[in-house]
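Structure assessment
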Amino acid sequence: RVCLMRIDLPNPGKFNHIFDMTLDESLSEKVDGISTDSRDIKEGDLYLAISGEKVDGHSFLEEVFAKGASTALVNKSIDNFKGKLIKVDDPVYAIGKIAKTWRDQFQIPVIGITGSNGKTSTKELLKYILSAKYDIHATEGNYNTSIGLPLTLLRLTEYHGVSILEMGANQPGDIEKLCKIAYPTHGLITNIAPAHLEGFGDIQTVANTKGELFKFLSNGLSFINAADNRVNDLETYGDTITFGLTSNCDYPTDLHHNNDGSIILTIDAEEIKTNSINLSFAKNVIACSTIASELGLSWEAIKDRILTSQPPKGRCEIKTNGQITVIDDTYNANVDSTIAAIDYLKAFSGNGKRIFVFGDMLELGASSEDQHRIIGKKCQKEELSVVFTIGNETIVAHEEINNSILHKHFEQKESLLSNLNEIISEGDKILVKGSRGMRMEEIVEQII
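Below is a summary of the structure that appears in this document. Source: prediction; values computed, not measured.

As a further point, take the sheet that holds strand S16 (residues 325-329). One open sheet accounts for six strands, arranged S15-S16-S20-S17-S18-S19; its pairing is mixed. The open sheet has two edge strands with one neighbour each: strand S15 (317-320) and strand S19 (406-410). For this sheet, the mean inter-axis angle between neighbouring strands, taken without regard to orientation, is 15 degrees. As paired strands, strand S18 (residues 386-390) and S19 are joined by five bridges and run parallel to one another. What sits directly across from isoleucine 390, in S19, is phenylalanine 410. Across the sheet, helix H16 (residues 413-423) is in contact with strand S17 (354-359), S18 and S19; its angle to S18 comes to roughly 170 degrees.

Taken together, the side chains of Leu245, Leu255 and Leu279 make up a nonpolar region of the molecular surface, amounting to roughly 210 Å² of accessible area. Relative to the helices and strands, leucine 245 resides in the loop between strand S11 (239-244) and strand S12 (251-257).

Counting through the fold element by element, glycine 211 comes out in the loop between helix H8 (203-210) and helix H9 (212-216). Separated by 22 residues in sequence, glycine 211 and aspartate 233 have C-alpha atoms that sit 9.5 Å apart. Setting aside chain neighbours within four positions, we find glycine 211 in contact with Ile189 and Leu234.

Per the stated rule, a full pass over the model turns up 21 salt bridges. As a salt-bridge pair, lysine 413 and glutamate 442 come within 2.8 Å of each other at their nearest N and O atoms. Within this pair, whereas lysine 413 is found in helix H16, its partner glutamate 442 is found in helix H17 (residues 441-447), the two being separated by 29 residues in sequence. The structure contains a network of salt bridges with shared partners spanning Arg6, Asp8 and Asp45.

Turning to unusual backbone geometry, a few remarks are in order. Phi angles above zero are rare outside glycine, and glutamate 363 is one such case at about 60 degrees. Among the structural elements, glutamate 363 can be located in the loop between S17 and helix H14 (368-381).

Time to look at the side chain of threonine 274. Inspection of the secondary structure puts threonine 274 in the loop between strand S14 (270-273) and helix H11 (279-294). Here isoleucine 263 takes part through its backbone oxygen, which lies 2.6 Å from a polar atom of the side chain of threonine 274. Apart from residues lying up to four places away in sequence, threonine 274 is in contact with Ile263, Leu265, Phe281 and Ile306.

On to the sheet that holds S11. The strand order across the open sheet formed by nine strands is S7-S8-S6-S9-S10-S11-S12-S13-S14, and the pairing between neighbours is mixed. Looking along the sheet, the strands with just one partner apiece sit at the ends: strand S7 (136-138) and S14. Here the strands of the sheet are splayed against their neighbours by 20 degrees on average, with no regard to which way each runs. Here S7 runs beside strand S8 (residues 162-166); their pairing, made up of three bridges, is parallel. Bridging from a neighbouring strand, alanine 138 pairs with isoleucine 164 of S8.

Bringing the nonpolar core into the picture now. Formed by 52 residues in total, the largest nonpolar core has its most connected members in Phe15, Phe19, Ile34, Leu46, Leu73 and Leu154. Elements that contribute at least two residues to this core include exactly helix H1 (12-23), strand S3 (45-48), helix H3 (91-103), helix H5 (148-153), helix H6 (174-182), H8 and H9. In this structure, phenylalanine 15 is in contact with Leu9, Leu27, Val31, Ile34, Leu46, Ile98, Trp102 and Leu154, ignoring residues within four places of it in sequence. Core analysis: the next-biggest nonpolar cluster, separate from the first, contains 34 residues, Ile129, Leu265, Cys288 and Ile291 among them.

Before going further, it helps to examine the packing of helix H13 (residues 335-347) against H14. Packing of H13 against H14 leaves a shortest axis separation of 10 Å and a crossing angle of 10 degrees. Overall, the two elements H13 and H14 adopt an arrangement that is roughly parallel. Facing Val335, Thr338, Ile339, Ile342 and Asp343 of H13, the residues of H14 in contact are Gln371, Ile374, Ile375, Lys378 and Cys379. A breakdown of the residues in the contact of H13 with H14 according to their chemical character gives six nonpolar, two polar and two charged.

Taken as a whole, this structure holds zero disulfides when the rule is applied. With no disulfide of its own, cysteine 249 lies closest to cysteine 288 among cysteine sulfurs, the gap being 16 Å. Cysteine 379 takes part in no disulfide bond, and the closest cysteine sulfur, belonging to cysteine 316, lies 15 Å away. Its relative accessible area of 1% is what places cysteine 379 among the buried residues.

Basis of the calculations
Residues numbered from 1 in each chain as written. Predicted model: local features only at pLDDT ≥ 70, side-chain atom pairs only at ≥ 80, totals over all residues. Heavy atoms only, no water. Pairing = 2+ DSSP bridges. Helix = DSSP H or I, 4+ residues; strand = E, 2+ residues; numbered from the N terminus. Axes fitted to C-alpha atoms, helices over the stretch in contact; angles between N-to-C directions. Contact = heavy atoms within 4.5 Å. Patch = residues over 30% accessible without salt bridge, like charges linked within 9 Å, V, L, I, M, F, W, Y side chains within 5 Å. Areas by Shrake-Rupley, 256 points an atom, 1.4 Å probe, with all protein chains shown as cover. Salt bridge = Lys/Arg side-chain N within 4 Å of Asp/Glu carboxyl O. Polar contact = N/O pair within 3.5 Å; in protein donor to acceptor, adjacent residues only side chain to side chain. Core = buried A, V, L, I, M, F, W, Y, C linked by side-chain atoms within 4.5 Å. Buried < 20%, exposed > 50% of the residue type's maximum accessible area, 1.4 Å probe, protein only. Parallel < 35°, antiparallel > 145°, perpendicular 65-115°, else oblique. Nonpolar A, V, L, I, M, F, W, Y, C, P; charged D, E, K, R; others polar. Disulfide = S-S within 2.5 Å.

Next up, the structure:
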């Protein structure tokens with residue numbers, strides 16, 4: 001699918017020079033920004049005409065030039081067109097090639113982060129910690145694809161001290177392609193879990209694809225979670241640093257709880273308070289603290305940053321209207337992240353019902369039914385008070401629950417919300433979770 005995005009270029013003059021040098025094509029006018037979205041074109045933009053399965057960006061050429069685009073990268077000849085078109089075999093490959101040349105100018109740590117889930121929350125926490133010492137360049141939003149990563153790199157400037165790049169993959173070979181553009185010097189794989197199986201087929205193919213990051217770092221440094229068997233089993237070719245909830249690694253970590261239930265970590269003999277009951281957050285803290293320590297941050301700076309950090313939007317984000325607590329974990333969902341979110345819901349103290357509103361986990365291919373069944377069993381095991389499911393896939397989870405838990409399946413959000421409003425009372429904790437395509441944040445907004 002075509003990712004619709006736009007960036008402003010921090011150094012248009014240098015970009016023009018690198019564009020000419022890389023593609024051996026001259027930009028007659030200065031380019032101030034790059035866009036793949038015809039609706040978001042600004043004066044002086046370079047438009048990337050990308051042919052998707054459903055939409056062909058070439059059909060919007062007249063519109064983008066009418067809005068002020070200076071040039072368009074295209075992959076087909078168009079006769080008698082009034083506007084500067086530069087024909088290439090593939091606009092996405094071409095912009096990746098330009099981004100690679102752009103990245104080659106900089107001799108700074110470039111940290112690649114991939115994994116089945118937790119990429120963005122790890123990236124955001126690492127960005128916040130490292131900004132205590134460095135000016136940070138990092139992926140914004142979901143710019144982690146073969147289109148988004150090159151556009152992210154083109155915003156890198158000489159003022160940045162570290163670059164943190166999120167790398168997403170939907171099929172085999174994706175991470176290797178991104179590495180060949182970004183040339184990371186450091187790499188972290190958050191975890192390997194059944195996610196996007198539609199494009200991969202099985203968990204081993206997921207592992208092989210994510211593992212392309214470590215393979216690429218033959219002259220770099222791989223950060224390895226020694227407590228994650230699938231990550232720990234991956235081949236590495238360069239230097240390694242190990243961390244995790246195990247004693248046998250470079251940054252051994254113990255976990256215990258404060259009196260209020262919040263997690264305290266002891267990482268390599270350093271005590272770190274998290275002010276959080278979220279185990280997923282604690283695991284992110286271990287990884288990010290390890291990287292930050294290796295990049296020269298003091299433990300005092302690391303501890304201060306962790307205590308003042310906030311979760312990214314839609315990732316176990318706590319919201320309240322003064323009467324109920326909502327855990328907004330609507331950014332995305334797969335089986336591991338959903339199980340972790342249920343554990344988080346269960347860890348909340350106080351009276352009140354534990355309510356789970358669960359939308360479909362998408363892109364799981366043939367394993368979808370089994371994955372949703374696992375979540376149903378988890379809900380039953382944890383004895384949640386209420387489980388409301390919505391969508392086509394979650395009906396399996398609903399059917400798996402056969403004990404005293406109040407559980408209902410819905411096809412419409414309006415009906416779900418109506419039923420939810422009838423049972424919510426003061427002190428309740430409500431977890432809302434589902435894949436991005438389910439737009440579960442709409443439910444959060446209505447509840448609040």
